[in-house]
Amino acid sequence: MAADSVYPISDSMKDAHINREQYEAMYRESIEDPDGFWGRHGKRIDWMRPYTKVKNTSFDRNNLSIRWFEDGTLNASVNCLDRHLADRGDQTAIIFEGDEPDVSRYVSYRELHEKTCRFANALKGLGVKKGDVVTLYMPMIVETAVAMLACARIGAIHSVVFAGFSPEALAARIGNGGSRFVITADEGVRGGRRIPLKSNVDQALEEPAASVVERVVVLGYTGGAMQWHDSRDVDFNGLMEEAEPWCEPEEMNAEDPLFMLYTSGSTGAPKGVLHTTGGYMVYTSITHEYVFDYRPGDVFWCTADVGWITGHSYTLYGPLANGATTLLYEGIPTYPDESRLGRIVDKHQVATLYTAPTGIRALMAGGDHVMDGTSRTSLRLLGTAGEPINPQAWEWFYRVIGNEQAPIVDTWWQTETGGVMIGPLPGAMELKPGSATRPFFGVQPALFDSEGNELEGATGGNLVIKDSWPAQMRTIFGDHERFIKTYFSTYDGVYFTGDGAKRDEDGDYWITGRVDDVLNVSGHRLGTAEVESALVAHDKVAEAAVVGYPHDVKGEGIYVYVTLMKGEEPTDALRDELVQWVRQRIGPIATPDVIQWAPGLPKTRSGKIMRRILRKIASNETDNLGDTSTLADPGVVDELMEYRAFR
Ligand code: 6R9
């Protein structure tokens, strides 16, 4: 874990918001006096009724409480829009870059405000009320931001479902959220390919789970053909034209929900992570400013899809709360060719590029020349999130994309944490490729062993957070018990992240990856249980076990062991069918990379699948399988090794 190289604080960051001394002092204050620290910094956003209480939290699982700024009231859309109108109404809030390189749109704060108000009124007209869940299944376009902010304006809870999820996955999320409203477009476009969003919604609504839906608002975007259901479907553009251009914002309590977002866990169906308004706005705003050393006038580009938390916090809410110009890119970094990313940076003079390691590795595979013809000299800062970055990809990002001019902030956080938790402040910390370095203000990481002992000094262990921070999730929608069980029951009195980490002699953290049954495929979280339950729903599959294995570009690949029903033949055609089956049930992000036939699975005598062994076989680490003595039938392992050749 010792760093091969250490990058000193860059000269370009000498005047950063936070230098090393400031970090140390502010960090200490944030831990010793959280009420004082957050009481002061909470004022960075606009409150309708100021809070008098700051932190009211307890991680005692029998008495769990996570409340921040609890008597304050505010509206998130006002913080992202109205408060900027006087000073920067004509400044570009969103730069939209279309899938095709000749398409760009610039939307000012004033325009975004008006569109948001109109759509908020339209939603009200359809009967959407404060506290209602509204599902968005949308491309990466301006109207998606408008729809999210419009929900926030009237106090509806948006639930964005990534447009790469299948109709079935969409239906399950709609059903879980009891969402009576869906917003979608006729089609999305990515990398030159059309995605049939409306038709996916139509299919989803045939599932019993989605029968709660009353209205589907459909944006005519590409003009592609679609079916129309008069009693249910409503035209987005028509609504916008008719709606009034001013909408009074709903006064929300700090602890009223702002949005929910589904993410995968180690067991069961995806969980609806619920975020509330006050703490989330304060935290995304302050992290956006300090972690990315945001300066007025900077063009900020976070490449994450708004279907993920990174898109919520750092494409939308954080930058807009700070009055930034945020870039929304519809497509993929390699379309029409691999120079696209660099071309977008040049075209819009992007100052900060925040992306995922998987995308960097994909570009890196094309060689240094993929950036030829672009200068990228506008870049001041680079950032990564979503998965561990291997030092090789870090160095390439730094050298080739950043011209050795832009420091990299490797930021560790989760859907659950709302904002960046561990990551270097570029004016305060040396950088070590592969290390997320130090905690943000108010964040107290610690390493625990499996018995629940806190480990001191340079060591490795399970990563926990010892006290609450403002953007922490408040519950799993509709299942508070599961919330407590998932995050507060592994260890007493701390939040368990599900990640493993190491801490070096300098106190810097190195995240090593999930320690539970959650995969991280191209920066997307996926529960092994989700993929397994999709597989066993196929009538030829008796049993399935899914593990991750190292993958050069994706970080982790999906390795599937399948035991067929008696009498079924393991053919290549069936293998292909199972791959398609999983894609249909979950979505392309869950496409298995390897399917290995397994006559049996290694199990303990109590019937638990020993994934440790399956992981080793998948990773080709077969010399050292560890202790197999507790297996009910040790012979299974030899069989699997033989079958490995036939995967
Ligand atoms: C923001 C986001 C969360 C999981 C997390 C961890 C992994 C995120 C990372 C990282 C190493 C980083 N992760 N950032 N691992 N270094 N800088 O990605 O949220 O989709 O919920 O994923 O991603 O394993 O637990 P989410």
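Just so we're clear, the structure is a prediction, and the values are computed from it rather than from any experiment. (Residues numbered from 1 in each chain as written. Predicted model: local features only at pLDDT ≥ 70, side-chain atom pairs only at ≥ 80, totals over all residues. Heavy atoms only, no water.)

Q: Would you explain the sheet that holds strand β25 (residues 495–503) in this entry?
A: Pairing between the strands of a sheet comes from backbone hydrogen bonds, and it takes one of two forms, parallel or antiparallel. As summarised here, the arrangement of the five strands in space is β22-β21-β23-β25-β26, forming an open sheet in which the pairing is antiparallel. Each end of this open sheet is capped by a strand with a single partner; those strands are β22 (454–455) and β26 (509–514). (Pairing = 2+ DSSP bridges. Helix = DSSP H or I, 4+ residues; strand = E, 2+ residues; numbered from the N terminus.)

Q: Looking at this structure, I do not really get the pattern of salt bridges. What am I missing?
A: Where charged atoms from two side chains of opposite charge come close, those side chains can pair. Using the criterion set out here, one finds 41 salt bridges in the structure. Between K432 and D504 there is a salt bridge, and its shortest N-O distance comes to 2.8 Å. One end of the pair, K432, is in the loop between β20 (408–411) and β21 (445–448); the other, D504, is in the loop between β25 and β26, with 72 residues separating them in the sequence. Assessed through its relative accessible area of 5%, D504 is described here as buried. Put simply, K432, R438, D504, D506 and D508 are held in one network by salt bridges that share partners. (Salt bridge = Lys/Arg side-chain N within 4 Å of Asp/Glu carboxyl O. Buried < 20%, exposed > 50% of the residue type's maximum accessible area, 1.4 Å probe, protein only.)

Q: Which parts of the structure should I look at to understand the site of the ligand?
A: The full set close to the ligand counts 16 residues, and D410, T411, T415, D499 and R514 are the nearest of them. Within the side chain of D410, a nitrogen or oxygen atom sits 2.7 Å from a nitrogen atom of the ligand. Interatomic distance of 2.8 Å between a backbone N/O atom of T411 and a nitrogen atom of the ligand. For the ligand, the accessible surface in isolation is 530 Å², of which the surrounding protein chains cover 97%. Taken together, the elements giving at least two residues each to the shell around the ligand come down to α10 (309–321), β20 and β26. In the shell around the ligand, the residues fall into five nonpolar, six polar and five charged. (Near = heavy atom within 4 Å. Polar contact = N/O pair within 3.5 Å; in protein donor to acceptor, adjacent residues only side chain to side chain. Areas by Shrake-Rupley, 256 points an atom, 1.4 Å probe, with all protein chains shown as cover. Nonpolar A, V, L, I, M, F, W, Y, C, P; charged D, E, K, R; others polar.)

Q: What should I look at first to understand the UniProt feature "binding site: Mg(2+)" (unreviewed entry) in the protein chain in this one?
A: Mapped onto this numbering, the UniProt entry annotates "binding site: Mg(2+)" (unreviewed entry) at V536, H538 and V541. Among the secondary structure elements, H538 is positioned in the loop between α15 (528–536) and β29 (541–551). With relative accessibility at 4%, the residue H538 sits in the buried group. Among all residues touching H538, those that are not within four sequence positions of it are L574, E577, L578 and W581. Mapped onto the elements of the fold, V541 is located in strand β29. Beyond its immediate chain neighbours, meaning those up to four positions away, V541 contacts L535, V536, V562, T563, M565 and L578. (UniProt positions renumbered as here; feature names shortened; annotations may be inferred. Contact = heavy atoms within 4.5 Å.)

Q: Is there a simple way to explain the domain arrangement of the protein chain in this structure?
A: When the parts come together, some accessible area is lost, and that loss is often what is quoted as the size of the interface. Split by domain assignment, the protein chain resolves into domain 1 (108–249) and domain 2 (522–643). The C-alpha centroid of domain 2 is placed 37 Å from the C-alpha centroid of domain 1. With seven residues of domain 1 at the interface, the matching set in domain 2 holds eight residues. Counting each side, the surface lost to burial between domain 1 and domain 2 is near 520 Å², with a carbon and sulfur contribution of 50%. Per-residue buried area on domain 1 facing domain 2 is highest for F165, S166 and E168; these three make up 60% of the total on that side. Connecting domain 1 to domain 2 are one salt bridge. Its salt-bridge partner being E168, residue R585 comes within 3.6 Å of it at the nearest N-O pair. Here domain 1 and domain 2 share three residue pairs in polar contact (both at pLDDT 80 or more) between them. (Domains from an automatic or database assignment. Buried area = accessible area lost by both parts, 1.4 Å probe.)

Q: Just to check I follow, could you spell out the UniProt feature "binding site: ATP" (unreviewed entry) in the protein chain for this structure?
A: Sites flagged by UniProt as "binding site: ATP" (unreviewed entry) map to G386, E387, P388, D410, T411, W412, W413, Q414, T415, D499, R514 and R525. Topologically, Q414 is positioned in the loop between β20 and β21. Contact partners of Q414, with chain neighbours within four places excluded, come to I309, Y495, T497, D499, R514 and R525. If you trace the backbone, R514 turns up in strand β26. With near-sequence residues (within four places) excluded, R514 lies in contact with Q414, T497, G498, D499 and R525.

Q: So what exactly am I meant to see when it comes to unusual backbone geometry here?
A: Leaving glycine out, the prevailing phi sign among residues is negative, and the prevailing peptide bond configuration is trans. The omega angle of the peptide bond from Y335 to P336 is -5°, so this bond is cis rather than trans. Its identity is not glycine, yet D293 carries a phi of approximately 40°, on the positive side. By secondary structure assignment, the location of D293 is in the loop between α9 (278–291) and β16 (299–302). For E404, which is not a glycine, the phi torsion comes out positive at approximately 60°. Mapped onto the secondary structure, E404 falls in the loop between α13 (391–401) and β20.

Q: I tried to follow the environment of V299 on my own but got confused; where do I start?
A: Turning to its location among the elements, V299 is positioned in strand β16. Residue V299 is classed as buried on the basis of its relative accessible area of 10%. Put simply, V299 and I332 are 33 residues apart on the chain and 19 Å apart in space, counted from C-alpha to C-alpha. Those residues in contact with V299 that sit more than four places away from it in its chain are I95, T325, L327, H348, Q349, V350, A351 and T352.

Q: In this structure, what is going on with helix α1 (residues 20–32)? I would like to understand it.
A: Three or four residues apart is the spacing at which side chains of an α-helix point the same way, because the helix has 3.6 residues per turn. When the terminal C-alpha atoms of α1 are compared, their 18 Å separation across 13 residues agrees well with the 18 Å that a helix rising 1.5 Å per residue should span. When we look at burial in α1, the residues that qualify are Y23, M26, Y27 and S30. Projected down its long axis, α1 carries its buried residues within an arc of 105°, all on one side. Structural note: α1 exposes E21 and E32 on the side pointing more than 90 degrees away from its buried face. At its buried positions, α1 is contacted by α2 (34–41), α9 and β21. (Expected span 1.5 Å × (residues − 1). Arc of directions from axis to C-beta.)

Q: For this particular structure, what's the right way to read the nonpolar core?
A: Nonpolar side chains in soluble globular proteins tend to be buried together. Counting 159 residues, the largest nonpolar core has F119 and Y317 as the members making the most contacts within it. Both of domain 1 (108–249) and domain 2 (522–643) provide at least three residues apiece to this core. When residues no more than four places from it in sequence are discounted, the contact partners of F119 are V146, A147, A150, I183, V217, F236 and M240. With 29 residues, the next largest nonpolar core counts V350, L353, M371 and W394 among its residues. (Core = buried A, V, L, I, M, F, W, Y, C linked by side-chain atoms within 4.5 Å.)

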